[in-house]
Amino acid sequence: MRPLWALLLAVPIGMSSRAEVNPEYSVAWIGNSFSGAQRWVQQDISDLFVTPDGTIYTNVYWDEAGAEVSVYRNGEVIAVAGHTHGWGYHGGNAIAVNSRYVYFGQQVENEGGGLVGADTWPPAGFVWYGVGRRPRERLQEPAPFPDGKGGRGDTLEKSFLLIHQVPEEHEPDPVAIAGLWATEERLYVSCPYDDRIRVYDAETMRPLFSWPVSRPGALWMDSEGVLWVVQRASEMEPAQVSAYTADGLPDMRRVLLPEGVVPGDLWGDEKGHLYLSDLGPAQQIHVYDVSRAPSRLVESLGERGGIYAPPTGRVGPWRFHDPKGVGLDAEGNLYVASDGSTGGGGTVLECYGPDRSLRWQLLGIHFVDCADLDLRSEEDVYTKEEHLRVDWDAPEGLSWEYRGFTVDRYRYPPRSSSPRLVGRGTGPMDRRETFSRREHDAHGDSLAALPVPRRPGNGDGDSVGAVLGPPPGPGRLAAPPTGARGMALARRQRKRGLRSRRIRYSWRRRQPRYVGN
């Protein structure tokens, strides 16, 4: 008899009696390169910074286990900053490093007015956006400076630089710090809230000067002191990368980006090449030669379309999925952090050598999720967006492989036909995700999902799932829809002798109970 496996991601299924439980079992995990006991890959990455020796510093607004600011090297997690997950303090969208300090974007709120103290938290009705600072060699300790915020609760004393105090009703994306760059003397901060590049003393954190730049994003400074600034597109202007001197004077060089390119992160090398990640349909890393004007496109790295290129949904080397971060080390190794999940948990952190081979990869592809076995193949496991292949008989714990992504946001745009594409602003218990329709190619790999209508929950913290009688196949929904379409499907199922059962899983009761036929 096959041993009983316990998946840490899956909801436990109750047994009718203790006598039926096989005492031989193993406990393992899926979806993360590490178990989480001592280390884990953070569930999302918004930005990364790479030092010449290949150390990677990352930042994201939220990691469920508190690893918003993490450090990686050679495919290993080597440090977590901590003190960025609670008491109103969060991570952010940008990070930079010099020889002494790590600087990272942060958002600070006051738990609905419950946290009071002008030295640590914003007043009720407001949110702070700014920069946290830590010693590079002692990442979990404070790096205080005059007029710095923080010190109460589990926050670090005087280690947060307040840049913007913003009313709570503002959407965070156009407000949060969008780019950072640090030299030994200065810290450059990209502020889309008021369309400025602000410059601070890197030691005292005192403001020095600023200059206007419309829609500023990621920053990168070359060895000659030229600061390159990503500028997002507007209704009137295309996206571009502009150059400025270290003192904010315009440089005549710039990169005008074609329509359809959605600029993400920016890095450069000593050859005068800029590496720009494209979050648009191309899903590539575009390399521009900016050593002289006019700039020119040298090459585009990665398969055009990324994970959405045929066969749609297949994961693999050079098939990027929203490359949020890009960087290079002194040896020419390229580091890319993709984060294409629609609801949290989408990290694919990769290192490619100068010969374009994949050197290592780390995965943190799940947040709060449910897993289900394909009824036709117990080796195929599906979560709300991912397809994994599992080897249950692996001698050393559970062996799993990330095979496919089952949501195509281009065929089924957010908030239109697929309620699974609801964005990160809603909690997982509010999204009520259901399993997707599955399509397979000749190799059995998951392709893009068709839309699955939302079914409301019961309002008490329970998630609602569904199971069809026969194994789902091409052209069959793995979760029944509702409304008139659902009633029509139910009638067809009854004619075919099939039954659909809806199961409600309670996080508190930890047992399934049937709520209807």
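On a predicted model such as this, the values are computed, not experimentally measured, just so you know.

**Describing the overall build of the protein chain**
Then step 1. Counting its regular elements, the protein chain contains two helices and 33 strands.
Then step 2. At a minimum sequence separation of 6, the contacts of the protein chain that also span at least 24 residues come to 48%.
Then step 3. Accessible area of the protein chain: about 23,200 Å², with a carbon and sulfur share of 52%.

**Thoughts on the sheet that holds strand β20 (residues 273-278)**
Then step 1. Taken in spatial order, the four strands of this open sheet run β19-β20-β21-β22, and their pairing is antiparallel. With one partner strand each, in any of the chains shown, β19 (263-268) and β22 (296-301) form the two edges of the open sheet. For this sheet the average axis-to-axis angle between neighbouring strands, irrespective of direction, equals 25 degrees.
Then step 2. As judged from the four bridges shared by β19 and β20, these two strands associate in the antiparallel manner. Counterpart to W267 in the pairing with β20 is Y275.

**Observations concerning the packing of aromatic side chains**
Then step 1. Applying the stated criterion to the full structure yields 15 aromatic pairs.
Then step 2. Between the aromatic rings of Y335 and W360, the centroid separation amounts to 6.2 Å while the plane-to-plane angle is 50 degrees, which identifies the pairing as tilted. With Y335 in strand β24 (residues 334-339) and W360 in strand β26 (residues 358-364), this pair connects stretches of sequence that are 25 residues apart.
Then step 3. Judged by its relative accessible area of 4%, Y335 is buried.
Then step 4. Overall, the relative accessible area of 15% leaves W360 in the buried class.
Then step 5. Sitting above the plane of the Y101 ring, R133 keeps its charged end 4.0 Å from the centroid.

**A word on the sheet that holds strand β6 (residues 76-80)**
Then step 1. Sheet architecture is open: four strands sit in the order β3-β4-β5-β6, paired in antiparallel fashion. Two strands lie at the open edges of the sheet, namely β3 (47-50) and β6, each paired on one side alone. Taken pair by pair, the neighbouring strands of this sheet meet at an average axis angle of 25 degrees, ignoring direction.
Then step 2. Two elements, β3 and strand β4 (residues 56-59), share four bridges in a ladder whose sense is antiparallel. In the sheet register, L48 faces β4, and the bridge partner there is T58.

**With respect to the pairing of β4**
Then step 1. Here β4 shows two buried faces, one formed by I56 and T58 and the other by Y57 and N59.
Then step 2. Connecting β3 to the antiparallel partner β4 that follows it, the hairpin turn spans five residues, and G54 within it adopts a positive phi of roughly 90 degrees.
Then step 3. Where β4 meets strand β5 (residues 70-73), three bridges bridge the pair, whose relative direction is antiparallel. By the bridge assignment for β5, Y57 is matched with V71.

**Here's the deal with the confidence of the model for the protein chain**
The predicted coordinates of low-pLDDT regions are not to be read in fine detail.
Then step 1. Residues at a pLDDT of 70 or more form 75% of the protein chain, whose mean pLDDT is 80.
Then step 2. Throughout residues 1-6 the model reports pLDDT below 50, and contacts reaching past four residues in sequence, or to other chains, amount to 21 contacts.
Then step 3. Note that pLDDT drops below 50 for residues 422-517; the model gives that stretch 210 contacts with residues more than four away or on any other chain.

**Quick word on the side chain of T347**
Then step 1. With respect to the secondary-structure elements, T347 resides in strand β25 (residues 347-352).
Then step 2. At 3.1 Å, the side chain of T347 forms a polar contact with the backbone nitrogen of D44.
Then step 3. If near-sequence neighbours (up to four positions away) are discounted, T347 is found in contact with V41, Q42, Q43, D44, I45, S338, D339, L362, L363, G364 and I365.

**Details of the side chain of R134**
Then step 1. Among the structural elements, R134 can be located in strand β9 (residues 126-135).
Then step 2. Buried and without a salt bridge, R134 has D154 as its closest oppositely charged side chain, separated by 8.3 Å.
Then step 3. Polar contacts involving the side chain of R134 include one to the main-chain carbonyl oxygen of L139, which spans 2.9 Å.

**A few points about the environment of S214**
Then step 1. Mapped onto the fold, S214 is located in the loop between β14 (207-212) and β15 (216-221).
Then step 2. Linking S214 and C191, residues 23 residues apart in sequence, is a C-alpha distance of 9.4 Å.
Then step 3. Ignoring anything within four residues of it in the chain, the contact list for S214 reads D195, Q231 and E237.
Then step 4. At a separation of 3.2 Å, a polar atom in the side chain of S214 contacts the side chain of R215.

About the criteria used
Residues numbered from 1 in each chain as written. Predicted model: local features only at pLDDT ≥ 70, side-chain atom pairs only at ≥ 80, totals over all residues. Heavy atoms only, no water. Helix = DSSP H or I, 4+ residues; strand = E, 2+ residues; numbered from the N terminus. Contact = heavy atoms within 4.5 Å. Areas by Shrake-Rupley, 256 points an atom, 1.4 Å probe, with all protein chains shown as cover. Pairing = 2+ DSSP bridges. Axes fitted to C-alpha atoms, helices over the stretch in contact; angles between N-to-C directions. Phe/Tyr/Trp six-rings, centres within 6.5 Å; stacked < 30°, edge-to-face > 60°. Buried < 20%, exposed > 50% of the residue type's maximum accessible area, 1.4 Å probe, protein only. Lys NZ or Arg CZ within 6 Å of the ring centre and 35° of its normal. pLDDT = per-residue confidence, 0-100. Polar contact = N/O pair within 3.5 Å; in protein donor to acceptor, adjacent residues only side chain to side chain. Lys, Arg positive; Asp, Glu negative; His and termini not counted. Salt bridge = Lys/Arg side-chain N within 4 Å of Asp/Glu carboxyl O.

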